Amino acid sequence: MTRILLKNKLDDCIAAWQKAGYSVLAPVQRHDMSSFDEVQKGSDMALDLILTERTIKDQFFPQTEPLIKYNISKKEIASETMTPPDKKRVFFGVRPCDASGLAIDDPLFGWDYKDDYWFKRRENSVIISIACTEADDFCMCTSVKLSPDSTKGADVMLRPLANGNGWQVDAVSDRGTALLESVSSLLEESSDEAAPVPQVAEKFDVEKVMEWLGDKENFESQFWKDISMRCIGCGSCTFLCPTCHCFDIQDEGDTYQGIRRKNWDSCSFALFTMHTSGHNPRNAQSTRWRQRIMHKFNYYRGKFGVNSCSGCGRCTRQCPVDMGITETLQAITNLPR
Ligand code: SF4
Ligand code: SF4
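Conventions and cut-offs
- Residues numbered from 1 in each chain as written.
- Chains lettered and ligands numbered in written order.
- Predicted model: local features only at pLDDT ≥ 70, side-chain atom pairs only at ≥ 80, totals over all residues.
- Heavy atoms only, no water.
- Core = buried A, V, L, I, M, F, W, Y, C linked by side-chain atoms within 4.5 Å.
- Buried < 20%, exposed > 50% of the residue type's maximum accessible area, 1.4 Å probe, protein only.
- Helix = DSSP H or I, 4+ residues; strand = E, 2+ residues; numbered from the N terminus.
- Domains from an automatic or database assignment.
- Contact = heavy atoms within 4.5 Å.
- Polar contact = N/O pair within 3.5 Å; in protein donor to acceptor, adjacent residues only side chain to side chain.
- Nonpolar A, V, L, I, M, F, W, Y, C, P; charged D, E, K, R; others polar.
- Expected span 1.5 Å × (residues − 1).
- Salt bridge = Lys/Arg side-chain N within 4 Å of Asp/Glu carboxyl O.
- Near = heavy atom within 4 Å.
- Phe/Tyr/Trp six-rings, centres within 6.5 Å; stacked < 30°, edge-to-face > 60°.
- Lys NZ or Arg CZ within 6 Å of the ring centre and 35° of its normal.
- 1 Å grid on protein atoms, 1.4 Å probe; cavity = no way out; pocket = protein on both sides within 12 Å on 5 of 7 lines; lining within 4 Å.
- Points joined across faces, edges and corners; volume = space filled by probe spheres on them.

Identification of the protein as Hydrogenase/sulfur reductase, beta subunit from Chlorobaculum parvum is taken from an unreviewed UniProt entry.

Okay, here's the thing in structure tokens:
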């Protein structure tokens, strides 16, 4: 017997969490764009989407975020640190690749400096993942050794029932156990079967990729120029990636007052590494594409022991020139050794 949440109890669940002080966020389809946003009831949720176009990352690391407000007068320089709202949140229906993305980024945001903006939101959030029942040709979680029902990064795991009436519910962390305890009267014991997870074929050999990238001889390979010819450096692949985390800090204002902001940046942009002198060490799109692949499958693993990719496939799904990471990783896999 397993505990299940029936769909007809979902609204009561949401109401119970709201009463306990949580905002509930879930996949929604609004204004031609799917993303995670606050919901009031189950019918607001778009749980049938294979994946939202925007990632859950947006809710932990916003595209732009004020850090400090400053004011300079003749007598003093005043500054006020701006912190994210102290709000408890439940994220319902997070796909395993997005939940894994959060876990992949945790060590980065706590490495040389603890990013309170990230961790305050992380500590105030409970992640309810939902196993996939469908995949498309772009999904590649199995290629990075995850799966359509991976619990990495989850506090609670939902497995959709084969009869479509609800979900099997399992706590994965202490935080998830506590959240389920708060709605235990709404859960039922049942032997209803979970729907099967989809078969996601491995699209490349990640071991071969890591081995080739680790060989310094390949850094200047003609391969990088050939494979990245189509890239227009739009940065969509980085902005839509659940694990890409680069940002820049800029002051917006004038001599007397303004706001210091943290803004997303992208290694795909020429300006990302442009020096004030005008020199750019990554002066071609091929060098910037190489950086993205090296960072995800070599440098990040060297520093934190994991690859910086959860296999969501968004970078390939959304690339305007039909490029993306899968093609490159497949080509590396198939290079003659
Ligand atoms: S790979 Fe595609 S999405 Fe990424 S920067 Fe190049 S053109 Fe844009
Ligand atoms: S690199 Fe591409 S497939 Fe990997 S997590 Fe980022 S968007 Fe998803």
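(A) Spatial organisation of the nonpolar core. With 27 residues, the main nonpolar core has Leu213, Trp224, Ile293, Phe297 and Ile332 as its most contacted residues. Contributing elements (two or more residues each) for this core: α5 (206–213), α6 (223–227), α8 (285–304) and α10 (325–334). Among the elements that take part in this core, α5 stands out by supplying 5 residues, more than any other. Taken together, domain 1 (2–190) and domain 2 (206–334) each give at least three residues to this core, which thus spans both. For Leu213, the residues in contact, after removing those within four places along its chain, are Trp224, Ile293, Met294, Phe297, Asn298 and Ile332.

(B) Region of interest: the domain arrangement of the protein. For the protein, the assigned domains are domain 1 (2–190) and domain 2 (206–334). Here domain 1 and domain 2 have C-alpha centroids that lie 25 Å from each other. In this assembly, 41 residues from domain 1 lie in contact with 44 residues from domain 2. Counting across the interface, domain 1 meets domain 2 through 23 residue pairs in polar contact (both at pLDDT 80 or more). For the side of domain 1 that touches domain 2, the secondary structure elements donating two or more residues are β4 (64–72) and α2 (96–109). Classifying every residue of the side of domain 1 that touches domain 2 gives 21 nonpolar, 8 polar and 12 charged.

(C) Region of the structure containing α2. Compared with the 20 Å implied by 1.5 Å per residue over 14 residues, the 20 Å span of α2 between its first and last C-alpha is a close match. Taken across its 14 residues, α2 has 11 buried, putting it largely inside the fold. Restricting attention to buried positions, one finds in α2 the residues Pro96, Cys97, Asp98, Ala99, Ser100, Gly101, Leu102, Ile104, Asp105, Leu108 and Phe109.

(D) Local environment of the pattern of salt bridges. Summed over the entire model, instances satisfying the criterion amount to 16 salt bridges. The partner of Glu202 in a salt bridge is Lys145, with the nearest N and O atoms 3.5 Å apart. Taken together, the residues span a long stretch of sequence, with Glu202 in the loop between β10 (188–190) and α5 and Lys145 in the loop between β7 (125–130) and β8 (156–160) at a distance of 57 residues. Here Glu202 falls in the partly exposed class, since its relative accessible area comes to 49%. Lys145 gets classed as exposed once you look at its relative accessible area, which sits at 52%. Where Arg261 meets Glu252, a salt bridge forms, and the shortest distance between an N and an O atom there is 3.1 Å. For Arg261, a relative accessible area of 19% translates into the label buried.

(E) Just the site of ligand 1, in detail. Contacts to ligand 1 come from 13 residues, most closely from Cys231, Cys234, Gly235, Cys237 and Cys319. The residue makeup of the shell around ligand 1, split by class, is 9 nonpolar, 4 polar and no charged.

(F) The arrangement of unusual backbone geometry in detail. Phi at Lys145 takes a positive value of approximately 65 degrees, unusual for a residue other than glycine. For Asp322, which is not glycine, the phi torsion reads 60 degrees and is therefore positive. Mapping Asp322 onto the fold places it in the loop between α9 (314–317) and α10. With a relative accessible area of 52%, Asp322 lands in the exposed category.

(G) Representation of the packing of aromatic side chains in the model. Taken as a whole and assessed by the stated rule, the structure comprises 17 aromatic pairs. Their ring planes at 55 degrees and their centres at 5.7 Å tell us that Trp212 and Trp224 sit as a pair that is tilted. Within this pair, whereas Trp212 is found in helix α5, its partner Trp224 is found in helix α6, the two being separated by 12 residues in sequence. A single burial state applies to Trp212 and to Trp224, both of which are buried. Among the aromatic residues, ring-to-ring pairing joins Phe36, Phe60, Phe61, Phe91, Phe109, Trp118, Phe239, Phe247, Trp264 and Phe269 into one connected group. One residue, Lys88, lies across the ring of Tyr22, its end atom 4.4 Å from the ring centre. Above the ring of Phe247, the side-chain terminus of Lys262 is found at 5.0 Å from the ring centroid.

(H) Inspection of the layout of surface pockets at higher detail. The space that makes up the largest pocket amounts to roughly 360 Å³. What lines the largest pocket is a set of 19 residues, and nearest its centre among them are Lys7, Leu47, Asp48, Ile130 and Trp167. Tallied by class, the residues present in the lining of the largest pocket amount to 11 nonpolar, 4 polar and 4 charged.

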